[in-house]
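Spelled out from the first residue to the last, the chains are:
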Amino acid sequence: MKSRFIIISKIVSLFVVGFIIISFVYHPATRTTVFRFPYKEAGLTERQAAAHLLSRFSFGATPGQIDEVVKTGLENWFQKQLIGGIPDDSLQARTLEYDALKMTNTEANEVFPRPIQILKMARENGIIPKDSANDVDRKIYKKKIAQYAREKKYRRQSEFFHQFINYKILRATYSNNQLHEVLTDFWFNHFNVSFTKKDCALFIPAYERDAIRPFVTGKFEDMLLATAKSPAMLLYLDNFNSVANSDENRMGDEERMKRRLMRMNASMDDTAATAMVQKLANRKKNQGLNENYAREVMELHTLGVNGGYTQADVTQAARILTGWTLYPIENSYGSGIKKLLDKIGEDRLSDQGFVHDGDFLFAMNRHDTKAKTVLGKQFASNAGYQEGVELLKMLAHHKSTANFICRKLAVHFVSDNPAQSLVEKMEKSFLQHEGNISEVLITMVSSPEFWNKNVIREKTKSPFELAISAVRALKADVQQPYLLFGWIDKMGQKIYHYQAPTGFPDKAQYWINTGALLNRMNFGLAVASKQMRGVQTNLLGLNNFHEPESAEEALITYSKLLMPERNLDQTIKRLTPLLTEPQLDKKVEQAAGKKNSASVSIVSDKEELMVEEAMKEDKEDLAKKTKQNEISTENMLAQVVGIIIGSPEFQRK
Amino acid sequence: MSSRRGFLKSGALAVFGVSVGGVPAFIARAASKEKISSPYKKNKILVCIFQRGAMDGLMAVAPFTDAYLKIARPSLFMSAAKDARTTPLIDLDGRFGLHPGLRSFEQAFRNKQMAIVHGIGSPNNSRSHFDAQDYMESGTPFNKGTDSGWLNRASGLLGHDGSPFRSVSLTNSMPRSFYGYNTSIAISNLQDFALQLKGNPMAANITAKSFEDLYDQASSDLLKETGKETFSAVKMLDKMDTRNYQPANGAVYPQSPLGNALRQIAQLVKMDVGLEIGFAESGGWDTHYNQGTEMGSFGRNALDLSNSITAFWTDLSSYQDELTVMTMTEFGRTVKQNGSGGTDHGRGSCNFILGNDVKGGIIHGSVGSLATENLEDGRDLPVTTDFRAVFSEVADNHLKIKNDAVLFPGWEGKKIGVMRT
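Residues numbered from 1 in each chain as written. Chains lettered and ligands numbered in written order. Predicted model: local features only at pLDDT ≥ 70, side-chain atom pairs only at ≥ 80, totals over all residues.

Caption draft 1: Just the overall build of chain B, in detail. Check the secondary structure of chain B and you find 14 helices and twelve strands. Evaluated residue by residue, chain B yields a buried proportion of 55% over its 421 residues. Excluding contacts between residues fewer than 6 apart, the proportion of contacts in chain B whose partners are at least 24 apart in sequence is 72%. (Helix = DSSP H or I, 4+ residues; strand = E, 2+ residues; numbered from the N terminus. Buried ≥ 20, exposed ≤ 12 C-beta atoms within 10 Å, placed from the backbone. Contact = placed C-beta atoms within 7 Å.)

Structure below.
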């Protein structure tokens, strides 16, 4: 009961925090300038424009959605999508059971500890002997460990990750706030962290929820700061153990430490104290400065690789960020620093220059207190945590960042090779509105370059986008989202597992290769057929149970249903010859016409029986034919739809 | 027959009947030949095996004459002395002994087809599996932001047109080594490389034809070209009977992930589908607890590794001139054993290179005395050979890749002569 109470109270507090965040985030509704999308000038009809808008700012149009957008008005729809917060009842109904995703990092760590932690605790608590990994004993220990875990109410980590992955798939499929889903996907990939790094994996769901999602239409600076302080990022790019180098900062420290040791321990003489200090210093030397985050925050998150920074800037930025780490988490991280924090006491932390903000800790004792200069800007020599905040702000508003981010957005939403003029407009907007993402997006969609005929359907769907757009277009009932995860992985995009901090590349060339393309076709066939239990489709229902009268009609009808407002002449033309096989009618007739030989029965009155039998046969025949028709129609439709989804045209957005 | 009738009934043919005789031309073509006549000339092939988890190089190839090793590892030390109680190490050169689990390497070593590099590792001293693997596979030990893997860059530097099967990783997901823009395939089972329409092979063929036509007419060049490549690749593999594969020369692959992966790579080699870079993984090397001696967790892994590689080498005897196999692991393990009969994360380890152009029968690199003062941070076998020195030399000598600046950006070291010149 107690734990439930804690969870509830945590949820409530989360709510409050969420509310505060929302009220701070920029609200596009409050902007005064009205925007207009210049699609008519580009020669597009309103419906074509709506289709383009949906293909770029949603995970694919659902049947009838183009009508909705036209009815709402394109600009109005976009504005509503920017604001978000549209009720998502059906999504919520599908995700009720996902309790883990509301947990804080600490709770997640309590409930879903890493197997290695469980093992460690089991050893420490004497459940199994310290040296227990003998094969002979393994079975007994296995049981003991399982029992221990059960008593402690630990759950398997894989369950946690399944929930998270399923959640992403369901949100992308069913959320009415499509733009927020698309942007969350984009920004997560921009600030990539990965399940493949086990140390940070457990903290990734909270990372997406708390450091990415609330900021996707807000100020870039806020998202940058939130990611920098989030445990997942701190662990993924190693800043959590970046400590001021001893030669930079610790000269005086050694003398002080020596005196302290001697004070604390009367029996310790000067030589012993020196040796001890030396030993500690050696251990520290191994830790020292870690430049990984400082480098990637410039190269990948803000300025871009050609953003005009040097290796010296990286080192200096790393020194500014020394001490940015996680607040200790029980049984997981930071037992060493916990002792120090306890000694200082929570209420005196800030006096000592420490900052404790949720899961984030600025550890003053690790911070490099000397002066630093990054990109020509001098940082106050002893401003502690604020130095880092200032650094990130400077990076967030840098001209190179405006260029890098706007180009990346244009590549994602417009074209693999966006027009320079478009990027320049967006860049200007970014700087003018101080990194306001909504404003940049509005500028982008209000530019003629967004509607240029050359960019319509120029982008290739990522495997994730392909899978989600298919189930959305088919109005599929996704009961087992994890099945889709498997397919998306096979097609080349194991979501949340991209190892490098670059995130998945955002270009067709990366996604389209031999193995991946084959799997796209196989995915199309699988999702349209009944092969994929747990992802149910109703192909006839999609066309209001209106049965196509011929294969040709099926092809045309379903092509249009799945790829609305596109010129499908080519696709249909290419497939039509396959429909006009001269011998075909005969073959089908032969196959279908093979009647069962009449059943033998005892005859009394031949004539009577004949009539009876004829009537019975007729009825059976009819039923059989209907059944056969149903099956054959279903199979035929499945194959048509499978080929449409696997077709080149459906790969584009 | 029944499946054919069922298919006709199903009406699927009504949609996608084929114009001539119902059998797509490529199937007929393929059926008429045992092997697809290969458009790819006999290329050199490099197969890399990543030993994930960090192999204890000091147990694999032990400097058994070093008294410090015996002291540091009271229960893990193995001797080369022949006594009845334990299986001895295989004495390679009077100083180094091969773990008995690796005994099948002995012959190749004596034949000078296998070289060992000892003290190999990364200049970055990270002891995190994730980071060290990442650095080794990207080939840039100080830069996490490198978006490509070294084997993908190698593929781009081969300097001639490649087959869709140029780079194949027999793994579930694309390994970091293969990240990048040059075509590569990650597949755990070659049987999956086909259009999959359950229970209806005929329908699958016809569907394939539909797809092929569609992609042939695609307006995007990328989709069109890749489509073409895909269908030619499917056709190449169409003839392969993966289930009933018989290895040559009596080679026996272990029934293990590594054994299966190498067996399938061997099949690709024999199919002449243009494989040039193969990749497989071997797991379980993170031996913190009860590492064991001959038949502990280390010993079992060693046996699987050597038996898999030896089966591969034997199976492909007639391709040996074209073939080089190289192992790699992210770092080594502590010289001292820990409190639970294992070893912890260290620095230098060793690797194995097998091939006819290898300077074999030699333990390359440098391993000094294991006295504490000689160890890195007082605990680990120091890294004396940068992995890039070895990888680049193998790529240069075997695959004729000369552009080290692209293969390993930022690296300016010297090669150490593990290959014959």
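Caption draft 2: Local environment of the sheet that holds strand E3 (residues 360-362) of chain A. Residues and elements named next belong to chain A. Read across the open sheet, the three strands follow the order E1-E3-E2; overall the sheet is antiparallel. Two strands bound the open sheet, and with one partner strand each, they are strand E1 (324-326) and strand E2 (355-357). Across the sheet, the axes of successive neighbouring strands diverge by a mean angle of 25 degrees, strand direction being ignored. (Pairing = 2+ DSSP bridges. Axes fitted to C-alpha atoms, helices over the stretch in contact; angles between N-to-C directions.)

Caption draft 3: Highlighting unusual backbone geometry. Despite not being glycine, Lys475 of chain A shows a phi value in the positive range, around 50 degrees. Residue placement: Lys475 of chain A occurs in the loop between helix H26 (463-473) and strand E6 (477-478). One non-glycine residue, Asn249 of chain B, lies in the positive phi region at around 55 degrees. Relative to the elements of secondary structure, Asn249 of chain B occurs in the loop between helix H10 (221-238) and helix H11 (257-271).

Caption draft 4: Spatial organisation of helix H18 (residues 292-301) of chain A. Most of H18 of chain A is tucked away: ten of the ten residues are buried. What H18 of chain A keeps buried is the set Asn292, Tyr293, Ala294, Arg295, Glu296, Val297, Met298, Glu299, Leu300 and His301 of chain A.

Caption draft 5: Molecular detail of helix H12 (residues 297-315) of chain B. Compared with the 27 Å implied by 1.5 Å per residue over 19 residues, the 27 Å span of H12 of chain B between its first and last C-alpha is a close match. Burial runs high along H12 of chain B: 17 of the 19 residues are buried. (Expected span 1.5 Å × (residues − 1).)

Caption draft 6: Inspection of the environment of Thr86 of chain B at higher detail. All names here are of chain B. Mapped onto the fold, Thr86 is located in the loop between helix H5 (67-72) and strand E3 (90-91). Assessed through the 13 C-beta atoms surrounding it within 10 Å, Thr86 is described here as partly exposed. As a C-alpha pair, Thr86 and Asp396 span 310 residues in sequence and 42 Å in three-dimensional space. When sequence neighbours within four positions are dropped, the list of residues in contact with Thr86 reads Met78, Thr293 and Glu294.

Caption draft 7: Looking closely at the sheet that holds E3 of chain B. All names here are of chain B. In space, the three strands of this open sheet follow the order E2-E4-E3, with antiparallel pairing throughout. The open sheet has two edge strands with one neighbour each: strand E2 (61-63) and E3. Pairing of E3 with strand E4 (residues 96-98) involves two bridges; the strand directions are antiparallel. Looking across to E4, one finds that Ile90 is bridged to Leu98.

Caption draft 8: Quick look at the pairing of strand E10 (residues 349-355) of chain B. Residue and element names in this part refer to chain B. Of all seven residues in E10, seven are buried, a share of seventy percent or more. The pairing of strand E9 (residues 323-329) with E10 spans three bridges and is classified as antiparallel. Among the inter-strand pairings, Thr324 is bridged to a residue of E10, identified as Gly355.

Caption draft 9: Structural context of the nonpolar core. In this structure, Met444, Ala467 and Val527 of chain A are the most contacted members of the largest nonpolar core, which totals 268 residues. With near-sequence residues (within four places) excluded, Val527 of chain A lies in contact with Ala470, Val471, Leu474, Met532, Val535 and Ile645 of chain A. (Core = buried A, V, L, I, M, F, W, Y, C linked by C-beta atoms within 7 Å.)

Caption draft 10: Representation of the confidence of the model for chain B in the model. All names here are of chain B. Residues with a pLDDT of 70 or more make up 87% of chain B, whose mean pLDDT is 86. Within the model, pLDDT remains below 50 along residues 1-38, and this stretch shows 66 contacts once partners closer than five positions in the same chain are excluded. As scored by the predictor, the complex reaches a pTM of 0.80 and an ipTM of 0.73. (pLDDT = per-residue confidence, 0-100.)

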